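# Results of the structural survey
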Amino acid sequence: MDLITTTPDLAAVCARLARHSYVTVDTEFLRESTYYSKLCLLQMAGPEDAVLVDPLAPGIDLAPFFALMADPVVEKVFHSARQDVEIIWFMGHLIPTPLFDTQIAAMVCGYGDSVSYEQLANDLAKARIDKSSRFTDWSRRPLSEQQLTYALADVTHLRTIYGALRSQLAETGREAWLDEEMAILTSPATYATKPEDAWLRLASRIRKPRDAAVLIELAAWREREARSRDVPRSRVMKDDTLVDVATHAPRSAEALGLLRSVPNGFERSRAASDVLEAVARGLARDPADIELPSRERGRAGGGALLDLLKVLLKAVSEGERVAPKIIASVDDLDAIAADDQADVPALKGWRRDIFGERALALKNGRLSLAVERSRVKIVAI
């Protein structure tokens, strides 16, 4: 099984695939030692053939691949597309459109939350996937025949999965439901991460606005440093250390060195001065301007109302054959419990039609839940 390793061969393959209405796509990458994912292998398939591309081959230019990804008449089919699209966005400065994510489509079609490719291959393509090569080092060359066979299967079975899900969406009239999700996946805002927002990943570990102010500056510094060096965030400073420094806010190198989470000798490094400057910037911020994410659950009615909404969501998802996760999140339910006019997806569009109106009716006493033959029954009052 040969790899495409030259630009002319890649251009010929992409020109051939561009003649079809869709192309299935997958990537293999590594991110253990870098900030940005390192693309190690590209897999593509059309209705008639499938190919493997070596993006690490000397001198290869991926421009033909990026042109195919931007072709407006060829639908790009991925499974769990987020990370693949993120790589293409970073390397090619574009988002594949039009896009079809089989994992999300499967959720709309009732296959459960975050259904795996292996499960869909088994259910819809009647194929079993050998997962033994999943966690191999895809950057090492040469790749084994086992690796190549595994990689190719990720796009060949995807053709059958795509066809089956497309048919199910058409039969149920739910194509528009998927379009809303694809609009999020193809929005540049989904992939444009701001260093100033990096602290939100750790916000739940901070209790005071002053500590949050310092954490904002520290996390932004770490994000920029990790990007500029193309190393994982933890290589610059571990999460535990970042939170420890934010809560203690050391003003000097000596005080920084006394923190138990700080590695020995770090206070004498160049990075230490950057950390202290970030701490100083955080302390200079007005804590009153810092809004900590809410930790409250079950507002406006307590946990009982939230629990009832969860039961309703499960009943609706089973009745409509749609994964609960794609209808409403726990945050959506929490917001609905607090406010009938909450600005959440569950109260908009098709979600409101199948669930949101019922949620408001339950909350306001116009609907009840009962159990009949071990199943939850929705009863209008």
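The structure this text deals with has already been given above.
As the structure is a prediction and not an experimental result, all values here were calculated from the model. (Residues numbered from 1 in each chain as written. Predicted model: local features only at pLDDT ≥ 70, side-chain atom pairs only at ≥ 80, totals over all residues. Heavy atoms only, no water.)

### Description of the overall build of the protein
Heads up, the rule is: Going along the chain from the N terminus, every DSSP run of H or I of four or more residues is numbered as a helix, and every run of E of two or more is numbered as a strand. Only protein chains enter the accessibility calculation, which uses a 1.4 Å probe; a residue whose area is less than 20% of its type maximum is buried, one above 50% is exposed, and one in between is partly exposed. By the convention used here, residues are in contact when the closest approach between their heavy atoms is within 4.5 Å. Computed by Shrake-Rupley with a 1.4 Å probe, the accessible areas treat only the displayed protein chains as cover when residues are assessed. Under the convention used here, Asp and Glu are negative, Lys and Arg are positive, and both His and the chain ends fall outside the count. A single reference atom marks each charge: NZ on Lys, CZ on Arg, CG on Asp, CD on Glu.
Counting secondary structure elements, the protein contains 16 helices and 7 strands. Taken over 381 residues, the protein has a buried fraction of 48%. Residue pairs in contact within the protein that sit at least 24 positions apart in sequence constitute 64% of those at least 6 positions apart. Accessible surface computed for the protein: about 18,900 Å², of which carbon and sulfur atoms make up 50%. When the 50 basic and 56 acidic side-chain charges of the protein are each reduced to a single mean position, those positions are 4 Å apart.

### A word on the side chain of Asp 154
Relative to the assigned elements, Asp 154 resides in helix 6 (residues 145-172). Residue classification places Asp 154 among the buried residues on the basis of a relative accessible area of 8%. When neighbours within four sequence positions are excluded, Asp 154 is seen to be in contact with Asp 26, Glu 28, Gln 43 and Tyr 117.

### What about the packing of helix 15 (residues 330-338) against helix 16 (residues 349-363)?
Put simply, the test is: Between the N-to-C directions of two axes lies an angle of 0 to 180 degrees, each axis being a line fitted to C-alpha atoms and, for a helix, fitted only over the stretch in contact. When describing relative orientation, an angle under 35 degrees is termed roughly parallel and one over 145 degrees roughly antiparallel, while 65 to 115 degrees is termed roughly perpendicular and anything else oblique. Rotating anticlockwise by less than a right angle from the far helix to the near helix defines a left-handed crossing, while the corresponding clockwise rotation defines a right-handed one. When residues are sorted by character, Ala, Val, Leu, Ile, Met, Phe, Trp, Tyr, Cys and Pro go into the nonpolar class, Asp, Glu, Lys and Arg into the charged class, and all the rest, Gly among them, into the polar class.
In the contact formed by helix 15 and helix 16, the axes pass within 10 Å of each other and the chain directions differ by 45 degrees. Taken together, helix 15 and helix 16 sit at an angle that is classed as oblique. Both helix 15 and helix 16 take part in a crossing whose hand is right-handed. When helix 15 is examined against helix 16, the residues Leu 333, Ile 336, Ala 337 and Ala 338 are found in contact with a partner set consisting of Phe 355, Ala 359, Leu 360 and Lys 363. The class makeup of the residues in the contact of helix 15 with helix 16 is 7 nonpolar, no polar and 1 charged.

### Some details on the nonpolar core
Keep this limit in mind: To define a nonpolar core, start from buried Ala, Val, Leu, Ile, Met, Phe, Trp, Tyr and Cys residues and group those joined through side-chain atoms within 4.5 Å.
Counting 92 residues, the largest nonpolar core has Met 44, Phe 65, Ile 327 and Phe 355 as its most contacted members. When residues in this core are grouped by element, the largest group, 10 residues, is from helix 6. For Phe 65, the contacting residues outside a window of four places in its chain are Leu 10, Cys 14, Val 25, Leu 42, Met 44 and Ile 88. Counting residues in hydrophobic clusters, the runner-up holds 34 residues, among them Ala 219, Trp 221, Leu 276 and Ala 278.

### Describing a nonpolar patch on the surface
Selection criterion: What goes into a patch is any residue over 30% in relative accessible area without a salt bridge, connected to like charges within 9 Å or, for nonpolar side chains (Val, Leu, Ile, Met, Phe, Trp, Tyr), within 5 Å. Here, a salt bridge means any side-chain nitrogen of Lys or Arg that lies within 4 Å of a carboxyl oxygen of Asp or Glu.
The grouping of Val 311, Val 371 and Val 376 at the surface amounts to a nonpolar patch, some 240 Å² of accessible area in total. With respect to the element layout, Val 376 can be found in strand 7 (residues 375-380).

### Digging into unusual backbone geometry
Each neighbour pair has its own omega, and for Thr 97 with Pro 98 the value is -10 degrees, a cis peptide bond. For Pro 98, the position within the fold is in the loop between helix 3 (82-92) and strand 5 (99-101). Between Arg 141 and the following residue, Pro 142, the backbone shows a cis peptide bond with an omega angle of 5 degrees. Here Pro 142 is to be found in the loop between helix 5 (117-124) and helix 6. The phi torsion at Lys 126 lies on the positive side, around 55 degrees, for a residue other than glycine. Residue placement: Lys 126 occurs in the loop between helix 5 and helix 6. At Arg 321, a position not held by glycine, the phi torsion is positive, near 55 degrees. Mapped onto the elements of the fold, Arg 321 is located in the loop between helix 13 (302-320) and helix 14 (324-327).

### Thoughts on the packing of helix 5 against helix 6
For the pair helix 5 and helix 6, the least separation of the axes is 9 Å and the interaxial angle reads 65 degrees. For the element pair helix 5 / helix 6, the angle class is roughly perpendicular. The way helix 5 lies across helix 6 gives a crossing that is left-handed. Counted together, Tyr 117, Leu 120, Ala 121 and Leu 124 of helix 5 and Ala 153, Asp 154, Val 155, His 157, Leu 158, Thr 160, Ile 161, Ala 164, Leu 165 and Gln 168 of helix 6 form the full contact between these two elements. In terms of residue class, the contact of helix 5 with helix 6 is built from 10 nonpolar, 3 polar and 1 charged.

### Details of the sheet that holds strand 1 (residues 22-30)
Defined as follows: Only strands that DSSP links by at least two bridges are regarded as paired with each other.
What the 5 strands build is an open sheet, ordered 3-2-1-4-5; its pairing is mixed. The outermost strands of the open sheet, each flanked by one partner alone, are strand 3 (50-53) and strand 5. Taken over all neighbouring pairs, the strand axes of this sheet differ in orientation by 25 degrees on average, direction set aside. Pairing between strand 4 (residues 75-78) and strand 5: 3 bridges, direction parallel. When the sheet's bridge partners are listed, Val 77 is paired in strand 5 with Phe 100. Packing against the sheet, helix 3 makes contact with strand 1, strand 2 (38-45), strand 4 and strand 5, and its axis sits at approximately 85 degrees to strand 1. Against the sheet, helix 6 contacts strand 1, strand 2, strand 3, strand 4 and strand 5, and its axis sits at roughly 140 degrees relative to strand 1.

### Details of the layout of surface pockets
Our working rule: Only protein atoms enter the 1 Å grid used here, on which a cavity is any set of points holding a 1.4 Å probe that cannot leave and a pocket is any open set flanked by protein within 12 Å on both sides along at least five of seven lines; residues with an atom within 4 Å of a point are listed as lining. Grid points are joined across faces, edges and corners, and a volume is the space filled by probe spheres set on the points.
By volume, the largest pocket is sized at about 670 Å³. Along the wall of the largest pocket there are 24 residues; nearest its centre are Thr 27, Glu 28, Phe 29, Arg 134 and Tyr 150. For the lining of the largest pocket, the secondary-structure elements that each account for two or more residues are strand 1, helix 3, helix 5 and helix 6. Here the lining of the largest pocket gets 6 residues from one element, more than from any other, and that element is strand 1. Across the lining of the largest pocket, the residue classes tally to 9 nonpolar, 6 polar and 9 charged. By volume, the second largest pocket is sized at about 460 Å³. As for the second largest pocket, its lining consists of 21 residues, and the residues nearest its centre are Ile 104, Glu 181, Ile 184, Lys 325 and Ile 326. Elements with a contribution of two residues or more to the lining of the second largest pocket: helix 4 (102-108), helix 7 (175-185) and helix 14. Among the elements that line the lining of the second largest pocket, the one with the most residues is helix 7, at 4 residues. Along the lines of polarity and charge, the residues of the lining of the second largest pocket split into 9 nonpolar, 5 polar and 7 charged.

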